[in-house]
Amino acid sequence: MRPGGQWDRKQATEDAQRLDHEHDLEGAIAAYAAIVAADPTDHVSRGEWARLLMETSRYVEAEQICREGLTIAPSAPLLAAVSQLHQTYFQVPEAIAHAQRAIEADIGCGHAW
């Protein structure tokens, strides 16, 4: 929060990233969830949130987060996260298809494969 109670997206994102780098997964999950609650269109934060949920074996929740975001708009971070979900379930054709869509949307999206 900024002085006066204003939400500061940059600070919130930095806090979430710091928690992730410190391996405080539950703290990072909560931080990214708060960012997405404040701005449901923040697909980068939504993708990071889904990735962390997968790291804690919460695959159903991660899929729900991704699917909700994809109803707003397709995005490379969410397509990459869906690819990771398919990889987890050994659904290779689906994983490759989503990874390809993620890379086509943004070659630098990171977690696609």
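First things first, this report covers the structure right here in the doc. (Residues numbered from 1 in each chain as written. Predicted model: local features only at pLDDT ≥ 70, side-chain atom pairs only at ≥ 80, totals over all residues. Heavy atoms only, no water.)

1. Examining helix 6 (residues 92-105)
Inference 1: Between its terminal C-alpha atoms helix 6 stretches 20 Å, which fits the 20 Å expected from 14 residues at 1.5 Å a residue.
Inference 2: All buried positions along helix 6 are accounted for by Ala95, His98, Ala99 and Ala102. For helix 6, the angular spread of the buried residues around the axis is 100 degrees, confining them to a single face. Of the exposed residues in helix 6, the ones pointing more than 90 degrees away from its buried face are Pro93 and Glu104.
Inference 3: The inward-facing, buried residues of helix 6 abut helix 5 (76-88). (Helix = DSSP H or I, 4+ residues; strand = E, 2+ residues; numbered from the N terminus. Expected span 1.5 Å × (residues − 1). Buried < 20%, exposed > 50% of the residue type's maximum accessible area, 1.4 Å probe, protein only. Arc of directions from axis to C-beta. Contact = heavy atoms within 4.5 Å.)

2. Some remarks on the nonpolar core
Inference 1: Formed by 21 residues in total, the largest nonpolar core has its most connected members in Tyr32, Trp49, Leu53, Ala62 and Cys66.
Inference 2: Elements with a minimum of two residues in this core: helix 1 (9-21), helix 2 (25-38), helix 3 (43-55), helix 4 (59-72) and helix 5.
Inference 3: Top element by residues in this core is helix 2. It accounts for 6 residues.
Inference 4: Residues contacting Cys66, with those up to four places away along its chain left out, are Ala50, Leu78, Ala81, Val82 and Leu85.
Inference 5: In terms of nonpolar packing, the next biggest core, distinct from the first, is built from 5 residues, Ala76, Leu79, Ala80 and Ala102 among them. (Core = buried A, V, L, I, M, F, W, Y, C linked by side-chain atoms within 4.5 Å.)

3. Considerations on the pattern of salt bridges
Pairs can form between side chains of opposite charge whenever their charged atoms are close.
Inference 1: Enumeration according to the criterion identifies 11 salt bridges in this entry.
Inference 2: Note that Asp20 is salt-bridged to Arg51, the shortest N-O span being 2.4 Å. Of the two residues, Asp20 is situated in helix 1 and Arg51 in helix 3; the sequence distance between them amounts to 31 residues.
Inference 3: Judged by its relative accessible area of 14%, Asp20 falls in the buried class. (Salt bridge = Lys/Arg side-chain N within 4 Å of Asp/Glu carboxyl O.)

Function-wise, these values are silent; they only describe arrangement.
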